Amino acid sequence: MEQRKGLFTSKEKEEALAELAGTVKTYTDEMIERWNTEIDTYLVYAGLFSAIVTAFNVQSYLVLQQQPDPMLAAMQQISLQLSSLTIHPPFINSTQPAFGSSDAARAGPAPGPPPDSATVAINTLWFSSLVLSLSSASVGIMVKQWLNEFKTGLPSEKTAPASGESCKGETLESARLRQYRLNNLEKWRVDLVVLAVPILLQLALAFFLAGLLVLVWTLDQTVAAVTTTFVSILALFTLGTMLLPAFKQSCAYISPQ
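Thresholds applied
Residues numbered from 1 in each chain as written. Predicted model: local features only at pLDDT ≥ 70, side-chain atom pairs only at ≥ 80, totals over all residues. Heavy atoms only, no water. Axes fitted to C-alpha atoms, helices over the stretch in contact; angles between N-to-C directions. Helix = DSSP H or I, 4+ residues; strand = E, 2+ residues; numbered from the N terminus. Parallel < 35°, antiparallel > 145°, perpendicular 65-115°, else oblique. Contact = heavy atoms within 4.5 Å. Nonpolar A, V, L, I, M, F, W, Y, C, P; charged D, E, K, R; others polar. Core = buried A, V, L, I, M, F, W, Y, C linked by side-chain atoms within 4.5 Å. Buried < 20%, exposed > 50% of the residue type's maximum accessible area, 1.4 Å probe, protein only. Polar contact = N/O pair within 3.5 Å; in protein donor to acceptor, adjacent residues only side chain to side chain. Salt bridge = Lys/Arg side-chain N within 4 Å of Asp/Glu carboxyl O. Left-handed = near helix turned anticlockwise from the far one by under 90°.

Turning next to the packing of helix H5 (residues 117-151) against helix H6 (residues 172-187). The N-to-C vectors of H5 and H6 enclose an angle of 160°; their axes lie 10 Å apart at closest approach. With respect to H6, the axis of H5 lies roughly antiparallel. Contacts between H5 and H6 involve Glu149, Phe150 and Lys151 on the former and, on the latter, Arg178, Arg181, Leu182 and Leu185. Residues that form the contact of H5 with H6 fall into these classes: 3 nonpolar, no polar and 4 charged.

Printed below as a string of structure tokens:
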């Protein structure tokens, strides 16, 4: 037992602890920096994408409203007047009031027909896409707050070593605090929350493109065929890069998804 105690001197123990603290610091700093960089990129993309989807939604949601058709109401009133005409020479009478003087006319034109299934599908997909995009931005902002809180009270790379600190600028107390927070990040699966941000953006893009395809197929078959081709190529490329690493370990198409 005495021999085992003498294997390491106090200086060697301090050096081992300093090296271990430096390793933990390097690992956590690189991880936090990587997550922060990824979230910043996702937030920029989410902002631009949300602006684009909003521009489409502003135009598409109007079709959902059953807008009254004044021309249709006028034609209906004229038809009623013509059908109620009675001829008693030299007079021509109508039992229907003139256009604009009836109670129905004063109440306003009748609402238009309800939107068709394609219009409902387009707006459902596009509004879902907007919600997913904004949700990814909201989650990303929360994650950045968590990461900033992780670094609170810990020495940064610019912190100069003081007395009692290792060459890495870490005291034993700060090293323990760093490890404690790192354990909490792993315990509460913050990595999965970070992973959810790009997944939400991918789903938002998929919903938007699906709504776009529904729209173009209702407008023109040539435009729809070309658009569908490019969307299909993108979908196959995305799906292929996600599945290939599962079958080829040497494949470089590795992403968190």
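On we go.
Bringing the nonpolar core into the picture now. Within the largest apolar cluster, 33 residues are counted, with the highest numbers of intra-cluster contacts made by Ile32, Trp35 and Leu185. If you list the elements that add at least two residues to this core, you get helix H2 (10-64), H5, H6, helix H7 (190-217) and helix H8 (221-247). Element by element, the count of residues in this core is highest for H7, at 11 residues.

Relative to the helices and strands, Ser129 is located in helix H5. Looking at Ser129, its side chain comes within polar contact range of the main-chain oxygen of Ala204, at 2.6 Å. Aside from chain neighbours lying at most four places away, what touches Ser129 is Phe49, Val53, Ala204, Phe207 and Phe208.

Here we come to the pattern of salt bridges. Enumeration over the complete set of coordinates arrives at 4 salt bridges. The residue Arg178 makes a salt bridge to Asp29 at a minimum N-O spacing of 3.2 Å. Residue Arg178 is found in helix H6, and its partner Asp29 is found in helix H2; the two are separated by 149 residues along the sequence. Linking Arg189 and Asp191 is a salt bridge whose minimum nitrogen-to-oxygen distance equals 3.4 Å. Among the residues examined, Arg189 registers a relative accessible area of 41% and is labelled partly exposed. Among the charged side chains, a salt-bridge network with shared partners connects Lys25, Asp29 and Arg178.

This part is about the packing of H2 against H7. One can describe the packing of H2 onto H7 by two numbers: an axis separation of 11 Å at closest approach and a directional angle of 25°. Judged on the interaxial angle alone, H7 and H2 are roughly parallel. For the crossing formed where H2 meets H7, the hand is left-handed. Between H2 and H7, the residues in contact are Trp35, Glu38, Ile39, Tyr42, Tyr45, Ala46, Phe49, Ile52, Val53 and Phe56 and Val190, Asp191, Val194, Val197, Pro198, Leu201, Ala204, Leu205, Phe208 and Leu212, respectively.

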